Amino acid sequence: MAALLKRLLRADPRAVALGHSVGCREASLGPDPGATVRVRFAPSPTGFLHLGGLRTALYNYIFAKKHQGSFILRLEDTDQSRLVPRAAENIEDMLEWAGIPPDESPRRGGPAGPYIQSQRLALYAQASDALLKSGAAYPCFCSPQRLELLKKEALRNRQTPRYDNRCRNLSQAQVAQKLAMDPKPAIRFRLEEAAPAFQDLVYGWTQHEVASVEGDPVILKSDGFPTYHLACVVDDHHMNISHVLRGSEWLVSTSKHLLLYQALGWQPPQFAHLPLLLNRDGSKLSKRQKDIFLEHFAAAGFLPEALLDIITNCGSGFAENQMGRTLPELITQFDLTRITCHSALLDLEKLPEFNRLHLQRLVSNETQRPQLVEKLQTLVKEAFGNQLQDKDVLDPAYLERIILLRQGHISRLQDLLSPVYSYLWTRPAVHRSQLGIDSEKVDVIVKRLLGLLGRSGLNLTQDVVNRELKKLSEGLEDTKYSSVMKLLRMTLSGQLQGPPVAEMMVSLGPKEVQERIQKVLSSQGENT
Ligand code: GLU
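What counts and how
Counting restarts for each chain: residues are numbered from 1 in the order of the written sequence. Only residues with pLDDT of 70 or above have their local features reported here, since the model is predicted, and side-chain atom pairs are shown and tallied only from 80 upward, although totals for entire chains, interfaces and linings are computed over all residues. Hydrogen atoms and water are omitted, and side-chain values are computed over all heavy atoms in the structure. UniProt positions are given in the numbering used here, feature names are shortened, and annotations may be inferred rather than shown by experiment. Put simply, DSSP marks the helices as runs of H or I at least four residues long and the strands as runs of E at least two long, and each gets a number from the N terminus on. Any pair of residues with heavy atoms lying within 4.5 Å of one another is described as a contacting pair. In short, Shrake-Rupley with a 1.4 Å probe defines the accessible areas, and a residue's cover is counted only from the protein chains shown. Salt bridge, as used here, is a side-chain nitrogen of Lys or Arg placed within 4 Å of a carboxyl oxygen of Asp or Glu. Classification of residues uses two cut-offs on accessible area relative to the type maximum, computed with a 1.4 Å probe and protein chains only: under 20% is buried, over 50% is exposed, and between them is partly exposed. We call a crossover right-handed when, viewed with both strands directed away from the observer, the connection leading from the first strand over the helix to the second proceeds clockwise. Near, as used in this document, describes a residue that has one of its heavy atoms within 4 Å of the molecule or strand being considered. Whenever two N or O atoms come within 3.5 Å, that pair is a polar contact, provided that in protein one can donate a hydrogen and the other can accept it, and provided that, for residues adjacent in sequence, both atoms are side-chain atoms. For this classification, Asp, Glu, Lys and Arg are treated as charged, while Ala, Val, Leu, Ile, Met, Phe, Trp, Tyr, Cys and Pro are nonpolar and the rest, including Gly, are polar. Aromatic pairs are defined between Phe, Tyr and Trp rings, using the six-membered ring for Trp, whenever the two ring centres lie within 6.5 Å; interplanar angles under 30 degrees are classed as stacked, those over 60 as edge-to-face, and all others as tilted. Throughout this description, the term charge over a ring refers to an Arg CZ or Lys NZ atom that lies within 6 Å of the ring centre and within 35 degrees of the ring normal. Geometry is summarised by axes, namely lines fitted to C-alpha atoms with helices restricted to the contacting stretch, and by angles between N-to-C directions that run from 0 to 180 degrees. What sets the label is the angle itself: under 35 degrees gives roughly parallel, over 145 gives roughly antiparallel, 65 to 115 gives roughly perpendicular, and the rest give oblique. The pairing criterion for strands is at least two bridges between them, as found by DSSP. For a helix, the expected span equals 1.5 Å multiplied by the number of residues minus one.

In the annotation of an unreviewed UniProt entry, the entry for the protein reads Nondiscriminating glutamyl-tRNA synthetase EARS2, mitochondrial, and the organism field reads Cricetulus griseus. UniProt annotates the protein under Sequence similarities (unreviewed entry) with the comment "Belongs to the class-I aminoacyl-tRNA synthetase family. Glutamate--tRNA ligase type 1 subfamily." Of the comments in the UniProt record for the protein, the one headed Subcellular location (unreviewed entry) reads "Mitochondrion matrix".

Written out as structure tokens, the structure reads:
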């Protein structure tokens, strides 16, 4: 850079004009037929992936897939002081977990790589040199102390701090003199007065007169790292990005980006800014809320499908507001022209309900059910370890039976680990005095019950059990059906609440039911 600056000093810094300006492409709502769609998700690895990021990634993913395009992950790590360890891995891991893997990324590679900005410094230097050459950029020698003073003064006067463009009009001699002292100055972009207007695909015609509100921005720092604005424009250009779908917080920066495109003589992509994703009460999603990180949802047993569904459900981009959409359905039904400018309010209290729907759908899918069984097996092992009544409860057939019986009632597999379901994994300690029925009656009921369970060829379904239990209690004098049920519920689970008794019996199976009954009977005479 220093060599280039010296060479430029021999010419009038403003004399080399690129000679052509580029206006914003006439935006049509959606890609031109036949044009290749390439979109990118460009997070900074300054934190783990959260719901706001997932939403931006998801809209990019569905837009790409809808138009047979490519979805690219680019990590914007130019502010090295803010990097968070493991964030880069987490972002890519979580996109994979969510089922929206990038086609090109740091991990997967691809034709436009590298996909990490810190590995593309030469490209930014090249663009900065081109801007210096054309006079669209200039070196800035202002010290951090001077910039800090400017800032403080502005704040004291209740003004927005902005650079006063002091180095904009340095003479060649001044530049030469300063370069001798400071060979690595920052490079600033000379903001033109008239920022191009552009048609945002969501917000419509937009223009921000950046030059009247901002000082000339630094595009390349003295350490050779670019700032966001330059890096983003250079990468979107070199990566052939056709559409930029990003958060609306970047809408005001877009005019600046268009000025950069114009100065570099490049065709800009189309822009679609996505309205903010807010909490239900309208507050901003904050990184301090631990329940916005994808890792948290994954660990808590929420399904990626439910997250994708709730995130699109609270936003716009679809003709109808419906729950339970799968990713292929989201892709088919998505319509960019239906994205409105209203913020999307996310009601996480509804997430369990979304999860329940998606869990039920997975349970009913025979190819996906074995994964749920395996997951439940791991969860049970982790939660109960050596408290397990015996290894039979880890039998996939047993676990599958439980999942099938409880589908639609539970939101997450983790729910099955709550105390109300502990009877599924451990035998309860129940004494016959807790059964609420006279001891002699207990003997009669139990005798009949054991007779029923011992009947050969009995197919223990809920209907059969219900019918038999009705018959059984009808034959008992002055013992109500409800008392028989209570006795059974207590015997089997040690609790007064839970799923229907018939379901408990079917899930446990006749052998285990018999054993639990015998256990209560043998508690006769013991103290509770
Ligand atoms: N690195 C920026 C962010 O994390 C990306 C903005 C953009 O998509 O242009 O929000």
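Draft legend 1. Molecular detail of the overall build of the protein. Of regular secondary structure, the protein possesses 20 helices and 11 strands. Counting only C-alpha atoms, the protein reaches 110 × 50 × 45 Å along its principal axes. Long-range contacts, defined here as pairs at least 24 residues apart, represent 76% of the contacts in the protein between residues at least 6 apart. Total accessible area on the protein is roughly 25,000 Å²; 50% of this is exposed by carbon and sulfur atoms.

Draft legend 2. Spotlight on the pattern of salt bridges. Counted by the stated rule, this structure contains 26 salt bridges. Residue R108 is joined to E96 by a salt bridge in which the shortest nitrogen-to-oxygen separation is 3.3 Å. Linking R108 in the loop between α3 (87–97) and α4 (121–134) with E96 in helix α3, this pair joins segments that are 12 residues apart in sequence. On the basis of relative accessibility, which here comes to 45%, the residue R108 falls in the partly exposed class. Under the relative-accessibility criterion, E96 is labelled partly exposed at 33%.

Draft legend 3. Broad picture of the pairing of strand β8 (residues 243–247). Most of β8 sits inside the fold, with 5 of its 5 residues counted as buried. Each parallel crossover has a hand, and the one from β8 via helix α9 (residues 254–264) to strand β9 (residues 270–274) is right-handed.

Draft legend 4. Examining the site of the ligand more closely. In the neighbourhood of the ligand, the contacting residues comprise R40, A42, P43, S44, E76, Y228, C232, R246 and W250. With respect to the ligand, the side chain of S44 contributes an N or O atom lying 3.2 Å from a nitrogen atom. At 2.7 Å from a nitrogen atom of the ligand is found a side-chain nitrogen or oxygen belonging to E76. In the complex, the protein chains occlude 82% of the 300 Å² of accessible area that the ligand would expose alone. Per-class residue counts for the shell around the ligand are 5 nonpolar, 1 polar and 3 charged.

Draft legend 5. Region of the structure containing the UniProt feature "domain: Glutamyl/glutaminyl-tRNA synthetase class Ib catalytic" (unreviewed entry) in the protein. With numbering matched to this structure, UniProt assigns "domain: Glutamyl/glutaminyl-tRNA synthetase class Ib catalytic" (unreviewed entry) to residues 37–351. When the span residues 37–351 is considered, its composition is 36% helix and 13% strand, and the gap between its end C-alpha atoms is 32 Å.

Draft legend 6. Region of interest: the packing of aromatic side chains. Under the counting rule described, the total for this entry stands at 8 aromatic pairs. Consider the rings of F297 and F302, whose centres lie 6.1 Å apart with planes at 70 degrees: the pair is edge-to-face. By relative accessible area, which is 3% here, F297 ends up buried. The exposure class assigned to F302 is buried, which follows from its relative accessible area of 13%. Members of the aromatic cluster, joined through ring pairs, are Y59, F318 and F334. Residue placement shows R325 over the ring face of F318; its charged tip is 4.5 Å from the ring centre. The ring of Y481 carries K470 above its face, with NZ or CZ at 5.0 Å from the centroid.

Draft legend 7. Structural view of the side chain of T491. On the secondary structure map, T491 appears in helix α18 (residues 481–493). Beyond its immediate chain neighbours, meaning those up to four positions away, T491 contacts P428, V430, L435, R516, I517 and V520.

Draft legend 8. Representation of the packing of helix α14 (residues 369–384) against helix α15 (residues 396–406) within the structure. Packing of α14 against α15 brings their axes to within 9 Å, and their N-to-C directions diverge by 105 degrees. Looking at the two axes, α14 sits roughly perpendicular to α15. Note on element contacts: α15 touches α14 through P396, L399, E400, I403 and L404, opposite R369, L372, V373, L376 and Q377.

Draft legend 9. Geometry of the sheet that holds strand β3 (residues 137–140). If you trace the 3 strands from one edge of the open sheet to the other, you get β3-β4-β7, paired in antiparallel fashion. Whereas interior strands pair on both sides, the edge strands pair on one side only; in this sheet they are β3 and β7 (218–220). The average undirected angle you get between the axes of adjacent strands in this sheet is 45 degrees. Sheet topology places strand β4 (residues 186–189) next to β7; 2 bridges connect them, and they run antiparallel. Of the residues in β7, the one forming a bridge with R188 is V218.

Draft legend 10. Spotlight on helix α16 (residues 439–454). With 16 residues, α16 extends 22 Å between its outermost C-alpha atoms, agreeing within 8% with the 22 Å of an ideal straight helix rising 1.5 Å per residue. Its buried side turned inward, α16 meets α17 (462–474), α18, α19 (501–508) and α20 (510–521).

Draft legend 11. Up close: unusual backbone geometry. Each neighbour pair has its own omega, and for G113 with P114 the value is -5 degrees, a cis peptide bond. Relative to the helices and strands, P114 resides in the loop between α3 and α4. A positive phi angle, close to 55 degrees, is found at R158, a residue other than glycine. Structurally, R158 is set in the loop between α5 (144–156) and α6 (172–181).

Draft legend 12. Structural view of the environment of L404. Assignment of secondary structure puts L404 in helix α15. The partly exposed category is assigned to L404, whose relative accessible area is 33%. Spatially, the C-alpha atom of L404 lies 13 Å from that of Q371, the residues being 33 residues apart in sequence. When residues no more than four places from it in sequence are discounted, the contact partners of L404 are V363 and R369.

Draft legend 13. Highlighting the environment of P304. Turning to its location among the elements, P304 is positioned in helix α11 (residues 304–313). A relative accessible area of 12% places P304 in the buried class. Considered as a pair, P304 and A127 are 177 residues apart in the sequence and their alpha carbons are 40 Å apart. Excluding its chain neighbours within four sequence positions, the residues that come into contact with P304 are W97 and A98.

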